[in-house]
Amino acid sequence: MKGVGAFGGLVGVLAVVWVLPLVVDGSCFPAVFNFGDSQSDTGGIQASFPGYTPAEYSPYGETYFQSPQRRYSDGRLLVDFLAEGLGLPFLDPYLESVTSNFKHGANFATAGATVQDVKYLSPFFLNIQVLHFLSFRRGVMNMHNKEKWTWARSSTDVKSAQGFHAERLNRLPNPEYFEKALYTINIGGNDYTYGYTTGKTIEQVKEYLPDLAALIGDAVKRLHDEGGGRNFIIWDMEPQGCLPYMKTLIWHEDKERNEMDCLPRYNEAAQYLNNLLNSTLDGLREKYADSNIVLLSAYDMKMDIFKDPAKAGFKTVHKACCGIPNKWHYDLRVACGQTSVIENVTFASETCDDPNEYLVWDGVHNTEAGNRYQANKIFEGKYFYPAFPKLTEGCDLSPLT
Ligand SMILES: *[C@@H]1O[C@H](CO)[C@@H](O)[C@H](O)[C@H]1NC(C)=O
Ligand SMILES: *[C@@H]1O[C@H](CO)[C@@H](O)[C@H](O)[C@H]1NC(C)=O
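The rules behind these values
Residues numbered from 1 in each chain as written. Chains lettered and ligands numbered in written order. Predicted model: local features only at pLDDT ≥ 70, side-chain atom pairs only at ≥ 80, totals over all residues. Heavy atoms only, no water. Helix = DSSP H or I, 4+ residues; strand = E, 2+ residues; numbered from the N terminus. Buried < 20%, exposed > 50% of the residue type's maximum accessible area, 1.4 Å probe, protein only. Areas by Shrake-Rupley, 256 points an atom, 1.4 Å probe, with all protein chains shown as cover. Contact = heavy atoms within 4.5 Å. Disulfide = S-S within 2.5 Å. Axes fitted to C-alpha atoms, helices over the stretch in contact; angles between N-to-C directions. Parallel < 35°, antiparallel > 145°, perpendicular 65-115°, else oblique. Nonpolar A, V, L, I, M, F, W, Y, C, P; charged D, E, K, R; others polar. Near = heavy atom within 4 Å. Polar contact = N/O pair within 3.5 Å; in protein donor to acceptor, adjacent residues only side chain to side chain. pLDDT = per-residue confidence, 0-100. Core = buried A, V, L, I, M, F, W, Y, C linked by side-chain atoms within 4.5 Å. Salt bridge = Lys/Arg side-chain N within 4 Å of Asp/Glu carboxyl O. Pairing = 2+ DSSP bridges.

Draft legend 1. Fine view of the overall build of the protein chain. For the protein chain, the count of helices and strands is 15 helices and twelve strands. Within the span of the protein chain, comprising 401 residues, buried residues form 53% of the whole. Total accessible area computed for the protein chain in this model is approximately 18000 Å², and 53% of it derives from carbon and sulfur atoms.

Printed below as a string of structure tokens:
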């Protein structure tokens, strides 16, 4: 009781901190921090390199947003549905400096990102994203720490600086969110295409997959040790050999298809990484008893759709919705929404009549319908290893529409 007088000035501040968890929202995870590539980029690469991404142009975004929203889909991504289900707003890109609000998380994913530092499509490989996060976290902690907080601008206008500070804090996570947040990692596809497009065989690509699994494990370690993260979902590699972009690789060596019109050897290469990743995460789980480190089998989740498209509500799963009119409705050289001249012939991209009937949007990424279906499966918990009751039972998940 003695301290109350002495710390009277702090009482107001403390009261606010105490009340906050009650008024934030009903969510079990107050924030999401996401890392990855175009599967979950909500505008990061566009913010960094304006004009670089087709996702900046129509018909991207048309189904849900009615305009391009810098996402590689006709609508919401899995990470959007995840946020929605948790009762949180969509994640803003960490690299977006104008409109972002990071109260309930931030998105460090950028299209083209690889796990390895290979200078391929994007400079923001996984460890750079982790460094961005750690820098973000440091900045947020300093903003919450009155002693450390210094104003970068003129210190003469104290009142306006204080106003700025208060306004900033409204758009930044509370300190405890870093431990309570859900950390999601969905990356690796570009490490394969990097190999295949630089002339490596499947066997040569497989040679560096152990490094990939180890690097993803290192990212989890850093996010835990230095970032305070305790809840992780790590996506494994989807069955790439079933997707138009792999099936039409002009350089690809293996035309063999299985009964499902997929390329088995490319799928095996995905599973090869998945097994490595699974044991890497097993090791981390033993080390970090204080954490939930959960593998999401994107492979099984998507394979189940390819095995029985009708059951999942799709009419077309092998052809892209948006692309050029050929067998798989896809050509690497003509992006969705674009027109290109190839050997004196003009190819214009076309969009299917009803994207809701398609799993694949642009040959690489899911349609909004594909993402919604998979998000619902994630919430059912079927594809987690091990089970993740903290999410599937502990959260009051909103139904996705
Ligand atoms: C991961 O490995 C465990 C055995 O340690 C196995 O039961 C599980 O099915 C594997 N999960 C995936 C998605 O490969
Ligand atoms: C494309 O057109 C140019 C000019 O008419 C011609 O010189 C060239 O041979 C053509 N290329 C092909 C691949 O048809």
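Draft legend 2. Quick peek at the environment of Y64. Here Y64 lies in the loop between helix 3 (44-48) and helix 4 (78-85). Residue Y64 is classed as partly exposed on the basis of its relative accessible area of 34%. C-alpha of Y64 to C-alpha of D74: the two residues are ten residues apart in sequence and 6.8 Å apart in space. Excluding anything up to four places from it in sequence, Y64 contacts D74, G75, R76, E84, F90 and E368.

Draft legend 3. Seen up close, the state of the cysteines. Enumeration according to the criterion identifies four disulfides in this entry. One disulfide in the model links C321 with C352; its S-S distance is 2.1 Å. Between C321 and C352 the sulfur-sulfur dihedral comes to about -90°; the bridge is accordingly left-handed. With C321 in the loop between strand 6 (316-320) and strand 7 (322-323) and C352 in the loop between strand 10 (350-351) and strand 11 (358-360), this pair connects stretches of sequence that are 31 residues apart.

Draft legend 4. Region of interest: the packing of helix 5 (residues 126-144) against helix 10 (residues 209-225). It is at 10 Å that the axes of helix 5 and helix 10 come closest, and there the two elements cross at 5°. Classified by the angle between their axes, helix 5 and helix 10 sit roughly parallel to one another. Contacts from L126, N127, V130, L131, F133 and L134 in helix 5 reach L215, I216, A219, R222 and L223 in helix 10. Among the residues forming the contact of helix 5 with helix 10, the class breakdown is nine nonpolar, one polar and one charged.

Draft legend 5. Quick look at the site of ligand 1. Lining the immediate environment of ligand 1, one finds N278, D282, L295, S297 and Y385. Interatomic distance of 3.4 Å between a side-chain N/O atom of D282 and an oxygen atom of ligand 1. When the free accessible area of ligand 1 is taken as 360 Å², the share hidden by the protein chains comes to 52%.

Draft legend 6. Looking closely at the confidence of the model for the protein chain. Model confidence for the protein chain is summarised by a mean pLDDT of 89, while 88% of its residues fall at 70 or above. Below pLDDT 50 for its whole length, residues 1-27 participates in eight contacts with residues either more than four positions away or in separate chains.

Draft legend 7. Region of the structure containing the nonpolar core. Counting residues in each nonpolar core, the largest one holds 71 residues, and the members touching the most others are F33 and Y192. If you look at the next biggest cluster of nonpolar residues, it comprises 28 residues, including F29, V32, L182 and L296.

Draft legend 8. How the structure looks around the pattern of salt bridges. Going through the model one piece at a time under the given rule, you end up with 17 salt bridges. A salt bridge links R222 to E226; the nearest nitrogen and oxygen atoms lie 3.1 Å apart. The class of R222 is partly exposed, set by a relative accessible area of 26%. Ionic pairing is found between E380 and K377, a salt bridge with its closest N-O pair at 3.2 Å. Highlighted residues: E380 and K377, both in helix 14 (residues 368-380), separated by three residues, approximately one helical turn. By sharing partners, the salt bridges in this structure join R76, E84, E368 and R372 into a single network.

Draft legend 9. Up close: helix 8 (residues 189-197). Taking burial as the measure, the nine residues of helix 8 include eight buried ones, the bulk of the element. Along helix 8, the residues classified as buried are G189, N190, D191, Y192, T193, Y194, G195 and Y196. Buried-residue contacts for helix 8 involve helix 9 (202-207), helix 10, helix 11 (244-247) and helix 12 (264-287). Immediately downstream of helix 8, the backbone of G199 shows phi near 85°, a positive value.

Draft legend 10. Structural view of the environment of A312. Looking at the element boundaries, A312 is found in the loop between helix 13 (298-307) and strand 6. Placed 47 residues apart in sequence, A312 and L359 show a C-alpha to C-alpha distance of 9.5 Å. Leaving out residues up to four positions away in the same chain, A312 has contacts with I305 and Y373.

Draft legend 11. Representation of the sheet that holds strand 4 (residues 231-235) within the structure. Reading across the sheet, the six strands line up as 2-1-3-4-5-12 and stay open at both edges, with mixed pairing between neighbours. Since the sheet does not close on itself, it has two edges, and those belong to strand 2 (105-107) and strand 12 (384-385), each with one partner. Looking at chain direction, strand 3 (residues 182-186) and strand 4 are connected through three bridges and run parallel. Bridge assignment links Y183 to a residue of strand 4, and that residue is F232.

Draft legend 12. Seen up close, the side chain of Q39. Within the element layout of this structure, Q39 appears in the loop between strand 1 (32-36) and helix 3. Within the structure, the side chain of Q39 is placed 3.5 Å from the side chain of E238, a separation counted as a polar contact. Those residues in contact with Q39 that sit more than four places away from it in its chain are L77, N186, E238, V364 and H365.

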